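Each chain is listed here by its residues.
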Amino acid sequence: MSKNLPKTYTIKNYGCQMNVYDGERMAELFDAQGMTPADDKNDADIVVLNTCHIREKAAEKVYSEIGRLGKTSRNPGGPMIAVAGCVAQAEGSEISRRAPTVDIVVGPQAYHNLPQMIADVADGKRAVDLDLPGLDKFSQLPQKRKTGASAFLTVQEGCDKFCTYCVVPYTRGAEVSRSWNALIDEAKALIDGGAKEITLLGQNVNAWTGEDDTGRAQGLDGLIRALDRLNGLNRIRYMTSHPNDMTEGLIAAHGDVESLMPFLHLPVQSGSDRILKAMNRSHSRDSYLKILDRARTVRPDIALSGDFIVGFPGESDADFADTLSLVRAVGYAQAFSFKYSPRPGTPAADMDAQISTDIMDDRLQQLQSQLVADQSAFNSKSLGQTCEVLLERPGKFGNQLIGKSPWMQSVHVLAPDLTIGDIVEVEITDSGPLSLKGEPTMRAAA
């Protein structure tokens, strides 16, 4: 039975910032087709589940959401359902088997084809597109960007690192870099749309390479320096980085590019050289710590962030102790930590000596206790200090706005005379493990 073309949409993003970016671009595609966001997400004509496949529970949540949509929609036939992103790429045939109510299955490199796929479904067909055509999609997306005070810009996609626990090389494809001119043009469009801050994104963002408009080879540091020269852009960030791609030029940029914020997210995953080798991380504990030392040399106030996996197959008590000792040595301002989750098709899923859930739970609790203590200590150092805060969104209370410090801390500010997009000098009056409170002292220069 055919469906009418949808007029309203809802996009639900799971996982990383790159999925948030992709979700924004899908919304722009729909807007260009004359569709509008649904006032009630349960009443949308089409629901897009933009999925993540990094963790096992994330995939299961998608199937649960598919079932919920079929049961609670007020539309007689239910909404048109599209599964996009990495779960779609990894489990295309499995989605068809487990969730026959899904109308569209589209991978992360093919979502620019959504308008045609929607038309196909309206004609009674089921639409599946799992091609990995590199960067073709970007040239077919709307050039005008919708944005807020802070915006994402994907500069690089895919991964060639093949960490033994990770599905990204299989779901996002090989490492590819967008062109210099395309990125400069999109950055200008974001600034024209109101962005004061741009975060450069990639599975391995610091693997970005290209040629500038003079034909000169550039790395991510060169792109950052070019963006720094754009009028109206106050702040630049980037994530997620790989230690093997932290060049001396990129480290140096943290010392001499004023708009590059003093924040570095550099995943390490484990503090044990034995486990790092089993993960195929291709860096060592020592080489990782030396990178952080060089970053702190050029920018002593830099805030450091990382990713950790506990319970990787074969991880001993001594290996985990190495991770805790690395965490204590670094003193992270923020960090993400997870229990190892076997992903089908990855080498680690078939390794011997899988760790029991009880042991993983205990190790994760110990690790997170240390990380929370370190984050609280980092935040407490801000008390009584002043810093510039970019106001990004409303808070829960009247006249409250929430923004980010240069060090990526959330700052809650009572600011009745200020608006989203303002950059204001704030004195920090209270700190907690997750956020700060502050009082404006004066508006910073735009």
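For the structure itself, consult the block above.
Cut-off values and rules
- Residues numbered from 1 in each chain as written.
- Predicted model: local features only at pLDDT ≥ 70, side-chain atom pairs only at ≥ 80, totals over all residues.
- Heavy atoms only, no water.
- Phe/Tyr/Trp six-rings, centres within 6.5 Å; stacked < 30°, edge-to-face > 60°.
- Helix = DSSP H or I, 4+ residues; strand = E, 2+ residues; numbered from the N terminus.
- Buried < 20%, exposed > 50% of the residue type's maximum accessible area, 1.4 Å probe, protein only.
- Lys NZ or Arg CZ within 6 Å of the ring centre and 35° of its normal.
- Core = buried A, V, L, I, M, F, W, Y, C linked by side-chain atoms within 4.5 Å.
- Contact = heavy atoms within 4.5 Å.
- Salt bridge = Lys/Arg side-chain N within 4 Å of Asp/Glu carboxyl O.
- Pairing = 2+ DSSP bridges.
- Axes fitted to C-alpha atoms, helices over the stretch in contact; angles between N-to-C directions.
- Right-handed = clockwise from strand over helix to strand, strands pointing away.
- Parallel < 35°, antiparallel > 145°, perpendicular 65-115°, else oblique.
- Arc of directions from axis to C-beta.
- Disulfide = S-S within 2.5 Å.

Quick look at the packing of aromatic side chains
At step 1: This structure, assessed with the given rule, holds seven aromatic pairs.
At step 2: Measuring from ring centre to ring centre gives 5.4 Å for Phe 308 and Tyr 332, while their planes differ by 85°; the resulting arrangement is edge-to-face. Of this pair, Phe 308 sits in strand 15 (residues 303-310) while Tyr 332 sits in the loop between helix 13 (317-330) and strand 16 (334-339), and the two are 24 residues apart along the sequence. Summarising the burial analysis for this pair, Phe 308 and Tyr 332 share the class buried.
At step 3: The lysine or arginine in question, Arg 98, covers the ring of Tyr 63, its NZ or CZ lying 3.7 Å from the ring centre.
At step 4: The aromatic ring of Phe 138 is capped on one face by Arg 178, whose charged end is 3.9 Å from the ring centroid.

Section: the nonpolar core
Generally speaking, a soluble globular protein has its nonpolar side chains buried in company with each other.
At step 1: Core analysis: the biggest nonpolar cluster contains 49 residues, and Leu 200, Leu 223, Tyr 238 and Tyr 332 have the highest contact counts within it.
At step 2: When residues of this core are assigned to their parent elements, the largest contribution, six residues, is made by helix 8 (residues 180-192).
At step 3: Not counting residues up to four positions away in its chain, the partners in contact with Leu 223 are Val 155, Trp 180, Leu 183, Ile 184, Leu 200 and Trp 208.
At step 4: Counting residues in each nonpolar core, the second largest holds 45 residues, with Tyr 21, Met 117, Leu 141 and Cys 387 among its members.

What about the pattern of salt bridges?
At step 1: Per the stated rule, a full pass over the model turns up 22 salt bridges.
At step 2: Between Arg 25 and Glu 28 there is a salt bridge, and its shortest N-O distance comes to 2.6 Å. Linking Arg 25 with Glu 28, this pair stays in helix 1 (residues 17-32), spanning three residues, or about one helical turn. One exposure class covers both Arg 25 and Glu 28, and it is buried.
At step 3: Between Lys 290 and Asp 286 there is a salt bridge, and its shortest N-O distance comes to 3.2 Å. Of this pair, Lys 290 and Asp 286 are both found in helix 12 (residues 285-298), four residues apart, which corresponds to roughly one turn of the helix.
At step 4: Classification of Lys 290 by relative accessible area gives partly exposed; the value is 46%.
At step 5: Several salt bridges share partner residues, and in doing so they unite Asp 22, Lys 137, Glu 157 and Arg 172 into one network.

Section: the environment of Thr 10
At step 1: Summarising the element assignment, Thr 10 is placed in strand 1 (residues 8-13).
At step 2: Remark: the alpha-carbon pair of Thr 10 and Lys 41, spanning 31 residues in sequence, is separated by 5.7 Å.
At step 3: With sequence-adjacent residues up to four places away left out, Thr 10 is seen in contact with Ala 38, Lys 41, Ala 44, Ile 46, Val 47 and Val 48.

Comments concerning the sheet that holds strand 13 (residues 235-239)
Hydrogen bonds between backbone groups are what pair the strands of a sheet, and the pairing can be parallel or antiparallel.
At step 1: Taken in spatial order, the three strands of this open sheet run 7-10-13, and their pairing is parallel. Of all the strands in the sheet, just strand 7 (150-154) and strand 13 have a single pairing partner and so form its edges. Direction aside, neighbouring strands of the sheet carry axes that sit 25° apart on average.
At step 2: Of the strand pairs in this sheet, strand 7 and strand 10 (residues 197-201) are connected by five bridges, and their pairing is parallel. Paired with Ala 151 across the bridge in strand 10 is Ile 198.

Quick look at the pairing of strand 1
At step 1: In the sheet, strand 1 pairs with strand 2 (residues 36-37) via two bridges, with the strands oriented parallel. What sits directly across from Thr 8, in strand 2, is Thr 36.
At step 2: What joins strand 1 to strand 2 is helix 1, and the crossover it makes is right-handed.
At step 3: Of the pairings in the sheet, the one linking strand 1 to strand 3 (residues 46-51) comprises five bridges and is parallel in character. Across the sheet, Asn 13 pairs through a bridge with Asn 50, a residue of strand 3.

Overview of the packing of helix 12 against helix 13
At step 1: Running from N to C, helix 12 and helix 13 point in directions that differ by 10°, and their axes come no closer than 12 Å. When the interaxial angle is binned, helix 12 and helix 13 end up roughly parallel. Side by side, helix 12 and helix 13 meet where Arg 285, Tyr 288, Leu 289, Leu 292 and Arg 296 of the first sit next to Asp 322, Ser 325, Leu 326 and Val 330 of the second.

Side note on helix 10 (residues 248-256)
At step 1: Within the sequence span of helix 10, burial applies to Leu 250, Ile 251, Ala 253 and His 254. Angular distribution of buried residues about the axis of helix 10 spans 150°; they occupy a single face of the element.
At step 2: Close packing links the buried residues of helix 10 with helix 9 (220-228), strand 13, strand 14 (263-265) and helix 12.

Observations regarding the state of the cysteines
At step 1: One pass over the full model with this rule turns up zero disulfides.
At step 2: Free of any disulfide, Cys 163 has its nearest cysteine sulfur in Cys 159, 6.1 Å distant.
At step 3: On the accessibility criterion, Cys 163 (8% relative accessible area) is buried.

Topic: the sheet that holds strand 14
At step 1: Taking strand neighbours across the sheet as the criterion, the three strands line up as 14-15-16 in an open arrangement whose pairing is parallel. A single partner strand is all that each edge strand has here, and the edge strands are strand 14 and strand 16. Each adjacent strand pair in this sheet contributes to an overall mean axis angle of 10°, direction not counted.
At step 2: Note that strand 15 and strand 16 share six bridges and pair parallel. Counted as the bridge partner of Gly 306 is Ala 335 from strand 16.

Remarks on the pairing of strand 10
At step 1: Burial analysis of strand 10 places five of its five residues in the buried class, which makes it a mostly covered element.
At step 2: Of the two faces of strand 10, the one lined by Glu 197, Thr 199 and Leu 201 and the one lined by Ile 198 and Leu 200 are each fully buried.
At step 3: Here strand 10 pairs with strand 13 via five bridges, running parallel. By the bridge assignment, Leu 201 is partnered in strand 13 with Met 239.

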